[in-house]
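Here's the letter readout for the chains.
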Amino acid sequence: MKGNGDGLRWLTAAGMLTWLLLWAAGPVQAYPDAMPDGAYFDRGTDGCLMCHGPDSQWPGHDILDTVHGVRGDARTPFAEGQRACESCHGPSADHVVGRREDGGRPATAIAFSAEEPAALKDAPCLACHQADTGHHWQGSAHQFEDVACTDCHQVHPRQDRVMARLTQAEVCSDCHRRTRSEFLRPSTHPVRSGSMVCTDCHAPHGSIAPGELLRGTLNESCYECHAEYRGPFLWEHAPVAEDCSSCHEPHGSSHRNLLSRRSPWMCQECHQAQFHPSTVESGLGVPPRGASRQVLGRDCLNCHTQVHGSNHPSGAGLIR
Ligand code: HEC
Ligand code: HEC
Ligand code: HEC
Ligand code: HEC
Ligand code: HEC
Ligand code: HEC
Ligand code: HEC
Ligand code: HEC
Ligand code: HEC
Ligand code: HEC
């Protein structure tokens, strides 16, 4: 018993020492995750196509018609000196010659199935695409939630749906159901028609901004296309410069102009007792004359037309 206790203490000490050494060596580089160990079949494309050609029940040749299949490009999986199919499917000699106990064929080292961990499926992709995916992939919402490269990308078909503007949103919407329903509302950014895509605003491989936005802040994302609201304005409307989403939904809304709530109620959330009556309850208004005028005659925007800010010398009230 005593011996065991000592051993345990020794192990703990050794563990701490290792930890200290690792800590001293600096942050552990987690990517690229290593490819799995195992023997490569290494018979090139033809070796695999013996069984996975066009006539096969499980064809795999279609990848040769994509950017990955360009043999003349030294960087692709099928270039001289690369591992062809096994660049992605990993060392798979066992798949060809081995037998499982039940007589079945062992899967390839990486079969890109739903059961495999995302880090395993991402390893071959990152071996070539570390730079393309950028610094923010690791720790991004998708990486953190085990969404693999191949949950978005398809590499065998000639057209990768997530790369084409018309089909990208469908791929994203498979998982983002709520976002999809937002884009079905009456007022939306024109994503359904394909003239805009999710990645006009979002960085699919991660970013430092909240909500994986492409630009540093929400407003910066909007200014990218709506530069006229960047200002500076002589008379600024504080919430505009602060956060467009205090009044607008980015995806879709049941109110016109992507407004998150209908005015005058939207305005009244922040503006209660003004010098002129701004709620139904406040009846006796001095300029300009009474509640019904302000609240019920279309709404605040009838007079306060410059809701994003004004450059008129006397535009302080955002009415000109
Ligand atoms: C001797 C025939 C044969 C050869 C050679 C062969 N496969 Fe297969 N492969 C199959 C069969 C049969 C299946 C169908 C399902 C099964 O039995 O697992 C399959 C399934 C697959 C699958 C689907 C799922 C899985 O099991 O991983 C992939 C991917 C695959 N093969 C890749 C390859 C690659 C890459 C090579 C070359 C290294 C290769 N195959 C060589 C017969 C072969
Ligand atoms: C660039 C990486 C890559 C290369 C290279 C590659 N594959 Fe695949 N393969 C995948 C991925 C990812 C999948 C999972 C399905 C998908 O995303 O399209 C897959 C799926 C498969 C499947 C299963 C198809 C099915 O219907 O389930 C077969 C078979 C296959 N590959 C064979 C091959 C063969 C044969 C080659 C070489 C000619 C090859 N692959 C080269 C990435 C690759
Ligand atoms: C052996 C290196 C290699 C591997 C492994 C590899 N790729 Fe690629 N990939 C390339 C090259 C080279 C290109 C072409 C790049 C270019 O033209 O700039 C490319 C292009 C792409 C593109 C852009 C396609 C387009 O239509 O422009 C995507 C997306 C992509 N790869 C995803 C993947 C994914 C996902 C995996 C893992 C399943 C993977 N790649 C594995 C080398 C590789
Ligand atoms: C959430 C979906 C998603 C995931 C997950 C994802 N991608 Fe992408 N990827 C995209 C989209 C969308 C584009 C097109 C970019 C654009 O339109 O700006 C893209 C573009 C690319 C490109 C083309 C070069 C470029 O940057 O435009 C490569 C290469 C690529 N992705 C590789 C990867 C790899 C490797 C992984 C995994 C580490 C990965 N992607 C994970 C959605 C995704
Ligand atoms: C006009 C720019 C824009 C477009 C286009 C866009 N988004 Fe967003 N999205 C945003 C903004 C802004 C946020 C809020 C970010 C924050 O502050 O957290 C957001 C938030 C999200 C969120 C986080 C949950 C939520 O609703 O707050 C998801 C998921 C999302 N978007 C997915 C998508 C998908 C999928 C598409 C394409 C179908 C898409 N977005 C298109 C701007 C956009
Ligand atoms: C396989 C499922 C899947 C696909 C496909 C997918 N996502 Fe996601 N996405 C997730 C998960 C899981 C999260 C993290 C949990 C969450 O915030 O919903 C996430 C998070 C996000 C976020 C950050 C949300 C936040 O609150 O910060 C945005 C933005 C986003 N995804 C956009 C996209 C876009 C754009 C695409 C298509 C190019 C896409 N996603 C494709 C599963 C997916
Ligand atoms: C990639 C360009 C782009 C970005 C980024 C962008 N928008 Fe837009 N926005 C558009 C386009 C295109 C329209 C549609 C114009 C049309 O239909 O005439 C639009 C329309 C609108 C409308 C009017 C909607 C309607 O029903 O007529 C509002 C409000 C709006 N955007 C707010 C925003 C906000 C807030 C952001 C930041 C979260 C943003 N936009 C980011 C391109 C963009
Ligand atoms: C205080 C609330 C509020 C804020 C904050 C706000 N908006 Fe608006 N926005 C409105 C209202 C109200 C309308 C409708 C105007 C109308 O009907 O005359 C509108 C309309 C729009 C339109 C469509 C009309 C047009 O001119 O094409 C765009 C685009 C727009 N806003 C972009 C933005 C952007 C970008 C931001 C952030 C920089 C922003 N808004 C911040 C209230 C706001
Ligand atoms: C998110 C809160 C918010 C919303 C929503 C909002 N405002 Fe404002 N508004 C402010 C703030 C903060 C100021 C600056 C007040 C100050 O400087 O004392 C301001 C200033 C103003 C001013 C100038 C008054 C002054 O004292 O300089 C007018 C006019 C105005 N808002 C009208 C509107 C109208 C009309 C709407 C609806 C379309 C609206 N606001 C929606 C927060 C908001
Ligand atoms: C019939 C036109 C009209 C309507 C409708 C109207 N306002 Fe005004 N409002 C004005 C005028 C005129 C001023 C004074 C502007 C100036 O000083 O330049 C003013 C001033 C303001 C101010 C600045 C008050 C201050 O203390 O300086 C705010 C805030 C304001 N309105 C909010 C609202 C809100 C919220 C609504 C909707 C509930 C609304 N207004 C509806 C005409 C109107």
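In case you missed it, the structure is sitting above this.
All of these numbers come straight from a predicted model, not from anything done at the bench.

What counts and what doesn't
Residues numbered from 1 in each chain as written. Chains lettered and ligands numbered in written order. Predicted model: local features only at pLDDT ≥ 70, side-chain atom pairs only at ≥ 80, totals over all residues. Heavy atoms only, no water. Phe/Tyr/Trp six-rings, centres within 6.5 Å; stacked < 30°, edge-to-face > 60°. Lys NZ or Arg CZ within 6 Å of the ring centre and 35° of its normal. Buried < 20%, exposed > 50% of the residue type's maximum accessible area, 1.4 Å probe, protein only. Helix = DSSP H or I, 4+ residues; strand = E, 2+ residues; numbered from the N terminus. Contact = heavy atoms within 4.5 Å. Donors = N, O, S within 2.8 Å, 3.2 Å for Na, K, Ca; no water. Tetrahedral: all angles 85-135°; square planar, octahedral: opposite > 155°, others 65-115°. Near = heavy atom within 4 Å. Polar contact = N/O pair within 3.5 Å; in protein donor to acceptor, adjacent residues only side chain to side chain. Nonpolar A, V, L, I, M, F, W, Y, C, P; charged D, E, K, R; others polar.

(A) Spotlight on the packing of aromatic side chains. With the rule as written, the count across this model stands at 0 aromatic pairs. Between the NZ or CZ atom of Arg 83 and the centre of the ring of Tyr 40, over which it lies, the distance is 3.7 Å.

(B) Broad picture of helix H8 (residues 165–175). Looking only at H8, the buried set comprises Gln 168, Ala 169, Val 171 and Ser 173. In this structure, the buried side of H8 is in contact with helix H7 (149–152) and helix H9 (177–182).

(C) Broad picture of the coordination of the iron atom of ligand 3. Coordination of the iron atom of ligand 3 by the protein involves His 68 (NE2) and His 129 (NE2), with metal-donor separations of 2.0 Å. Given 6 donor atoms and angles of 89 to 180 degrees at the metal, the environment of the iron atom of ligand 3 is assigned as octahedral. One end of the pair, His 68, is in the loop between helix H2 (44–52) and helix H3 (86–89); the other, His 129, is in helix H5 (residues 118–133), and 61 residues separate them in sequence.

(D) Representation of the site of ligand 5 within the structure. Surrounding ligand 5, one finds 17 residues, the nearest of these being Arg 178, Cys 198, Cys 201, His 202 and His 251. Take His 202: an N or O atom from its side chain is 2.8 Å from a nitrogen atom of ligand 5. In this structure, a nitrogen atom belonging to ligand 5 sits 2.8 Å away from a side-chain N or O atom of His 251. Classifying every residue of the shell around ligand 5 gives 10 nonpolar, 6 polar and 1 charged.

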